[in-house]
Amino acid sequence: MTRTRTVLALLVLGALTFGTGSPTWVTTTVATALEPEVAVAAAGTSAAPGVGAGALVLLAAGIACALTGRVARYVALVVAAAAGVLVVVSTLAVVADPTPAATAAASASSGVTDLTSPVVLTAWPWAAVATGVLAVVVAVWGTVAARGWAATSGRHERAGAPAAGGQAAPGTQPAAGAGTTEPDAGPENEPDGEIDPHDAWDALSRGDDPTGR
């Protein structure tokens, strides 16, 4: 598994875990002084707080795998596996005994803790278990494959390498005549005594007489 696929899988599983924890997991009813039957529902993140925490950790682990180096990458994958285990354990605790979650939801919504009907579980807890198990599988698989992932690196140039343009290496002498500037030809060097306007202007700039007088 490549790093890109591992990162995407962790991010998708984190989002899916949030998705499975948002709907209703537990339903029941209670009786109040005003109504003989009041419906009570508990969402997954309320019934099993570990599901929401595990989803956040999976998202953070996916981002860490994309941005960090080798050591931190392994740490992120181990943490992602632990998050998957947390999701599974928290969900199975609700599946095994949903009454405490239903009682807490009834107390929060109506102030009554005496349930008047059996507690019913929806299918969403099993979806959360599936995402948790997949998160563990992806994290373990990524840990095994991470040794072959390319390290995050920037662009570097080899020290002492000749720059573009063929500059000589340090410590070498330039060839004779290379890199030197020829002196401007003076007006006295012009053939047939003619004065080049350019040379005359340069001579005037230096404060010389371009006619050579």
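Every chain's residues receive numbers from 1 upward, in the order its sequence appears when written. Given that this is a predicted model, residues contribute local features only at a pLDDT of at least 70 and side-chain atom pairs are listed and counted only at 80 or more, while totals for whole chains, interfaces and linings are drawn from all residues. Hydrogens are left out, water is left out, and the side-chain values use all remaining heavy atoms of the structure.

Undergrad: Please explain the sheet that holds strand β1 (residues 24-30) as it appears in this structure.
TA: Within a sheet, adjacent strands bond to each other through the backbone by hydrogen bonds, running parallel or antiparallel. When DSSP finds two or more bridges between two strands, those strands count as paired. By definition, any uninterrupted DSSP run of H or I lasting at least four residues is a helix, any uninterrupted run of E lasting at least two residues is a strand, and each is numbered from the N terminus. Here we have three strands laid out as an open sheet, ordered β2-β1-β3, and antiparallel in their pairing. What marks the edges here is a single partner per strand, and that holds for β2 (38-43) and β3 (120-121). The pairing of β1 with β2 spans six bridges and is classified as antiparallel. Bridge pairing in β2 links Thr 27 to Ala 41. Docked against the sheet, helix α5 (residues 99-110) engages β1 and β2, running at close to 120° with respect to β2. Throughout, a residue-residue contact means that at least one pair of heavy atoms, one from each residue, lies within 4.5 Å. To obtain each axis, a line is fitted to C-alpha atoms, and for helices this fit is confined to the stretch in contact; angles are then taken between N-to-C directions over 0 to 180 degrees.

Undergrad: Even after reading the chapter, I still don't get a nonpolar patch on the surface, so can you show me in this structure?
TA: Patch construction takes residues with relative accessible area above 30% that form no salt bridge. Like charges are linked within 9 Å, and nonpolar side chains (Val, Leu, Ile, Met, Phe, Trp, Tyr) are linked within 5 Å. For every accessible area listed, the method is Shrake-Rupley and the probe measures 1.4 Å; residues are considered covered only by the protein chains on display. In the sections that follow, a salt bridge refers to a side-chain nitrogen of Lys or Arg positioned within 4 Å of a carboxyl oxygen of Asp or Glu. Judged by side-chain polarity, Val 57, Val 71, Val 75 and Val 79 come together as a nonpolar surface patch covering roughly 320 Å² of accessible area. A per-element tally of the nonpolar patch places helix α4 (residues 70-96) first, with three residues. Topologically, Val 75 is positioned in helix α4.

Undergrad: Looking at this model, I keep getting lost on the pairing of β1. Mind explaining?
TA: Remember that side chains alternate between the two faces of the sheet whenever the strand is regular. For β1, the buried fraction is high: five of the seven residues fall into the buried class. Two strands pair when backbone bridges link them, and β1 and β3 are joined in this way by two bridges, in the antiparallel orientation. Considered in β3, the bridge of Thr 27 is made with Val 120. Only protein chains enter the accessibility calculation, which uses a 1.4 Å probe; a residue whose area is less than 20% of its type maximum is buried, one above 50% is exposed, and one in between is partly exposed.

Undergrad: Any chance you could explain helix α6 (residues 124-145) here in plain terms?
TA: Owing to its 3.6 residues per turn, the α-helix aligns residues three or four sequence positions apart on the same side. Helix span, expected: 1.5 Å multiplied by one less than the number of residues in the helix. A rise of 1.5 Å per residue sets the reference length of α6, with its 22 residues, at 32 Å; its end C-alpha atoms lie 31 Å apart and thus fit the reference within 8%. Every buried residue of α6 is accounted for by Pro 125, Ala 128, Val 129, Thr 131, Gly 132, Ala 135, Val 138, Ala 139, Gly 142 and Ala 145. Tucked into the core, α6 has its buried residues touching α1 (3-21), β1, α3 (49-67), α4 and β3.

Undergrad: Could you clarify how one ought to interpret the side chain of Thr 28 in this entry?
TA: Structurally, the position occupied by Thr 28 is in strand β1. Sequence-distant contacts of Thr 28, that is, excluding residues within four places in its chain, are made with Val 38, Ala 39, Val 40, Ala 102, Leu 115, Ser 117, Pro 118 and Val 119.

Undergrad: Just checking my understanding: could you explain the confidence of the model for the chain for this structure?
TA: Every residue carries a pLDDT, the predictor's confidence in it, which falls somewhere between 0 and 100. Per-residue pLDDT for the chain averages 80, and the proportion of residues at 70 or more is 72%. Low pLDDT (under 50) marks residues 153-169, which in the prediction has one contact with non-local residues, meaning those over four places away or in another chain.

Undergrad: Before we go on, may I ask you to explain the environment of Val 120 in this structure?
TA: Within the secondary structure layout, Val 120 lies in strand β3. The class for Val 120 is partly exposed, based on a relative accessible area of 44%. C-alpha of Val 120 to C-alpha of Val 26: the two residues are 94 residues apart in sequence and 5.6 Å apart in space. Apart from the residues within four sequence positions on either side, Val 120 is in contact with Trp 25, Val 26 and Thr 27.

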